[in-house]
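# Per-entry structural report
The lines below spell out each chain.
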Amino acid sequence: VLIEPRLLEAVTKTLTEISQGGIYDHLGGGIARYSVDGNWLVPHFEKMLYDNAQYLALLARVFVSTQEPLYAARATETVDFLLRDMITADGAFAASYDADSEGEEGRYYVWSYDELNALIPATDFALFAKTYNATPAGNWEGHNILNRSGAPKRLDPESESRLAECRAMLLKHRTTRIPPGFDDKVLADWNGLAIAALADASRVFAQPAWLQAAERAFERIIALLWSGEALNHSWRQGIAKHHATADAYANLIAAALALDATSRDQTYLAWAETLTTAIVEH
């Protein structure tokens, strides 16, 4: 593969800014739906399956060319988010989390300076506040959105270890808050994106457990949404609804091919053929 440095720089610049900006959830992993400013600081706090699936796929693809440790770390954290917080009772991936809780957008995710100061050990607070841009006045409507845009490069191992301990403390505290609403619909098209991303990332980062998660999700999608001759669009509370559109077929075909390439299980190639036949017929 020929690499054009100018184009690679554009990709890595943007991907790094997303990965270190406020649009990224530095405590729980994964990205919000979009940023409302030009610096990737202030997100619309809704977290969608399809965004995180495509983010994971891009991290894996760019890591192959760059071997950048940041991308490996963000991939791991994002998979942790998907497998911890986005799996439904039916065993496939859910659609999204709302942006607001308790009637306020972002309330679940933002912090006051005093709150951070009370939770983080005094020996680590100055380091954390400087690294994650936390100030008494806040960086958004009097609150602090944690971000590393001003300090995108990794610090020394000891400092990063201290920061990781602080993040774990904050995440534990955050789970005591009232969470945003959870949309537990299972969508064929978005699950296809997530399954393909997990399969590809499992190969790039040598994580067999991610492949197993992708295989389980694919099995559940087929069980829930395949009628025997065509694909349904969504599943919730035991009910499959609506005929799938072309992107659902395309994404699940891509997922089957990614699973085939990673697992070498011919079952997935057969499913790719079956789904291709169905999209042509329907």
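For clarity, every value in this text was computed on a predicted model and none was experimentally measured. For every chain, the first residue of its written sequence is number 1, and the numbers climb from 1 along that sequence. Whole-chain, interface and lining totals are the exception, using all residues; otherwise, since this is a predicted model, local features are given only for residues with pLDDT of at least 70 and side-chain atom pairs are given and counted only at 80 or more. Where side-chain values are given, they derive from all heavy atoms of the structure, hydrogens and water being excluded.

Okay, the overall build of the protein chain next. In DSSP terms, a helix is any run of H or I states spanning at least four residues, a strand is any run of E spanning at least two, and both are numbered starting from the N terminus. Scanning the protein chain from N- to C-terminus turns up ten helices and ten strands. Restricting the calculation to C-alpha atoms gives the radius of gyration, and the globule rule supplies 2.2 Å times the number of residues raised to the power 0.38. A globule of 282 residues ought to have a C-alpha radius of gyration of about 19 Å, and the protein chain, at 20 Å, matches this closely. Over its C-alpha atoms, taken along the principal directions, the protein chain stretches across nearly 60 × 45 × 30 Å. Under the scheme applied here, a residue whose accessible area is under 20% of the maximum for its type counts as buried, over 50% as exposed, and between as partly exposed, the area being computed with a 1.4 Å probe on protein chains only. Looking at the protein chain as a whole, 48% of its 282 residues are labelled buried. When contacts within the protein chain are restricted to residue pairs at least 6 apart in sequence, long-range pairs at least 24 apart make up 65% of them. Only carbon and sulfur atoms are counted for the fraction: they give 54% of the accessible area of the protein chain, which is about 13600 Å². Contact definition: two residues touch when any of their heavy atoms are within 4.5 Å. Here, Shrake-Rupley sampling with a 1.4 Å probe gives the accessible areas, and only protein chains in the shown set may cover a residue.

Turning next to the environment of Ala89. Within the secondary structure, Ala89 sits in the loop between helix H3 (69-85) and strand E4 (96-97). Separated by 33 residues in sequence, Ala89 and Ala122 have C-alpha atoms that sit 41 Å apart.

To continue, consider the pairing of strand E10 (residues 239-243). Criterion used throughout: strands pair if DSSP finds at least two bridges between them. Direction of pairing for strand E9 (residues 232-236) relative to E10: antiparallel, over a ladder of four bridges. Within E10, the residue paired with Trp235 across the bridge is Ala240.

By convention, a stacked pair of Phe, Tyr or Trp rings (six-membered ring in the case of Trp) has centres within 6.5 Å and planes under 30 degrees apart, an edge-to-face pair has planes over 60 apart, and any other such pair is tilted. Inspection of the entire model under this criterion finds twelve aromatic pairs. For the pair Phe128 and Tyr132, a centre-to-centre distance of 4.6 Å together with 25 degrees between the ring planes defines the contact as stacked. You can call Phe128 buried: its relative accessible area is 0%. Assessed through its relative accessible area of 1%, Tyr132 is described here as buried. Residues Trp226 and Trp271 carry aromatic rings whose centres are separated by 5.7 Å and whose planes lie at 90 degrees to one another, so their mutual orientation is edge-to-face. With a gap of 45 residues between them, Trp226 in the loop between helix H8 (208-225) and E9 and Trp271 in helix H10 (residues 266-281) connect regions that are remote in the sequence. Among the aromatic residues, those joined into a ring-pair cluster are Phe45, Tyr108, Tyr109 and Trp140.

Let us now look at helix H1 (residues 5-20). Given a helix with a known number of residues, its expected span is that number minus one, times 1.5 Å. An ideal rise of 1.5 Å per residue puts 22 Å on 16 residues; H1 measures up with 22 Å between its terminal C-alpha atoms. Along H1, the positions that sit buried rather than exposed are Thr12, Leu15, Ile18, Ser19 and Gln20. Lining the buried residues of H1 we find helix H2 (49-66) and H3.

Turning next to the environment of Ala223. Note on placement: Ala223 falls in helix H8. For Ala223, a relative accessible area of 46% puts it in the partly exposed group. Between the alpha carbons of Ala223 and Asp90 there is a distance of 10.0 Å; along the sequence they are 133 residues apart.

What follows is about the environment of Ala188. Note on placement: Ala188 falls in helix H7 (residues 188-204). In this structure the C-alpha to C-alpha distance between Ala188 and Ser263, which are 75 residues apart in sequence, comes to 21 Å. Setting aside anything within four residues of it in sequence, one finds Ala188 in contact with Leu225, Leu231, Asn232, His233, Ala248 and Leu252.

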